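Examination of the molecular architecture
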Amino acid sequence: MRAFAVMPLLASVLAACGGDEGSGRPTLNWYNFPDDSGALQKAADRCSQASGGRYSISYNKLPRAADGQRQQLVRRLAAEDDSLDILGLDVTWAAEFAEARWIREWTGTAKRQAVEGTLRVPLRTSTWKGKLYAVPYNTNTQLLWYRKDLVPTPPRTWAEMLDMAGALARQGKPHFVEIQGAQYEGLTVWFNTLINSAGGSILNATATEPSLGRPAVRAAGIMRDLARSPAADPSLPNQMEDQNRLAMESGTAAFELNYPFVYPSMKANNPELFKNFRWAPYPRVDPNRPARPTIGGIDLAVSAYSRHPDLAFEAALCLRNRENQLSAALEGGLPPTLRALYDEPAFMKEYPFSKDVLAALESASVRPITPVYQNVSIAVSHTLSPPSGIEPESSVDTIGEQIDDALRSEGVIP
């Protein structure tokens, strides 16, 4: 998670109009999230130089918020804008863009190079109907962060964590469990992690109808139990990742479910608490079943309207090669999708929790892969907000009905 600067649509359009087209060297326009670290610009510069003059890459920054990013790309692709070449897609967008025929399939040599050495679960996010439509650029997943001075041994399950939080509360000690409870995508991610950790899924294997069932009821029950327990931060219904980070740094919490960006932040903002800031695997739902935290990240796709698709495929592979993924990890805090980098000494030094992140990624879950994912996510987050109001059986029934309508393009999603 990073604080990104907003760049208006007009600036992106003007940037796309420049370049070296007049000199005979095509400019490939790469649209991606705004990166403040400089790692993405360095990657564009490196790949431009490595092309030997065959192309240059212009890095165009999308808006800060994911909704704004998607809106800009959808509008321009729907208008068949041929100034877009390489697209940075949220991991939930590939199916929608592929079904709309806005992005090109990866085939042949490009596909083989894209798949080689790439972690299996991130590849699922870029695949639709058995075809590869993007290449994983970076990934992310959550760990359990805790205070060792309060919790000498971290909990293995949700039940253990709530019990520990309750015991700390009775002793008058910091005890909150920080997690994303606001009505937004983070709430859907929490539910998706729990249902997959309980052995289920939101949709069936073919993404044609809701799956849910007893695992969903268990997931909703855990969310409700936390929200009604002493472990719940009073701000839970309004909390997102950054609010969780700030609460942990303020000293009021004992546990936090969040992404690795919280580690350097704690080190910089509260060095005293940092001395006892530790990490552990995401808590299990069942003691004998590993948790399956939901992954995030960005996939790179090639626009169906690019005037230089062959060069765009080549450039996309360069942008996510070993050197550039390592740079993005060390400078931008973006966990890589290439398996070999998790054994890289420089990465392991910067990410002392790298082995735990890798283990989480190898057993991780993905959000439902469907062209109507946006509607599915809204149905989940709307129904489960606020978490304290969840009624597991009826809430899951409501989610199922709304998802069924969304898959059939019926009804109005709240």
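Our subject is the structure that appears above.
Quick caveat, the model's predicted, so the values are computed rather than measured.

1. Focus on the sheet that holds strand S6 (residues 135-140)
Paired through backbone hydrogen bonds, the strands of a sheet run either parallel or antiparallel to each other. Spatial ordering of the open sheet is given by S2-S1-S3-S11-S6, a layout of five strands whose pairing is mixed. Edge strands, defined here as strands with exactly one partner in the open sheet, are strand S2 (56-61) and S6. The sheet shows a mean angle of 20 degrees between the axes of neighbouring strands, taken without regard to direction. Across the sheet, helix H3 (residues 66-78) is in contact with strand S1 (27-32) and strand S3 (86-90); its angle to S3 comes to roughly 135 degrees.

2. Remarks on the side chain of Asp85
Topologically, Asp85 is positioned in the loop between H3 and S3. In this structure, Asp85 is buried with no salt-bridge partner, the nearest side chain bearing the opposite charge being Arg307 at 6.1 Å. At 2.8 Å, the side chain of Asp85 and the backbone nitrogen of Asn29 are in polar contact. Here the side chain of Asp85 touches Ser306 through a polar contact of 2.6 Å, side chain to side chain. Discounting residues that sit within four places of it in the chain, Asp85 has contacts with Thr27, Leu28, Asn29, Ala301, Val302, Ser303, Ser306, Arg307, His308 and Ala312.

3. Observations regarding the environment of Gly38
Its location among the elements puts Gly38 in the loop between S1 and helix H2 (39-50). What makes Gly38 partly exposed here is its relative accessible area of 23%. C-alpha separation for the pair Gly38 and Ala328, spaced 290 residues apart in sequence, amounts to 8.7 Å.

Procedures and definitions
Residues numbered from 1 in each chain as written. Predicted model: local features only at pLDDT ≥ 70, side-chain atom pairs only at ≥ 80, totals over all residues. Heavy atoms only, no water. Pairing = 2+ DSSP bridges. Helix = DSSP H or I, 4+ residues; strand = E, 2+ residues; numbered from the N terminus. Axes fitted to C-alpha atoms, helices over the stretch in contact; angles between N-to-C directions. Contact = heavy atoms within 4.5 Å. Buried < 20%, exposed > 50% of the residue type's maximum accessible area, 1.4 Å probe, protein only. Lys, Arg positive; Asp, Glu negative; His and termini not counted. Salt bridge = Lys/Arg side-chain N within 4 Å of Asp/Glu carboxyl O. Polar contact = N/O pair within 3.5 Å; in protein donor to acceptor, adjacent residues only side chain to side chain.

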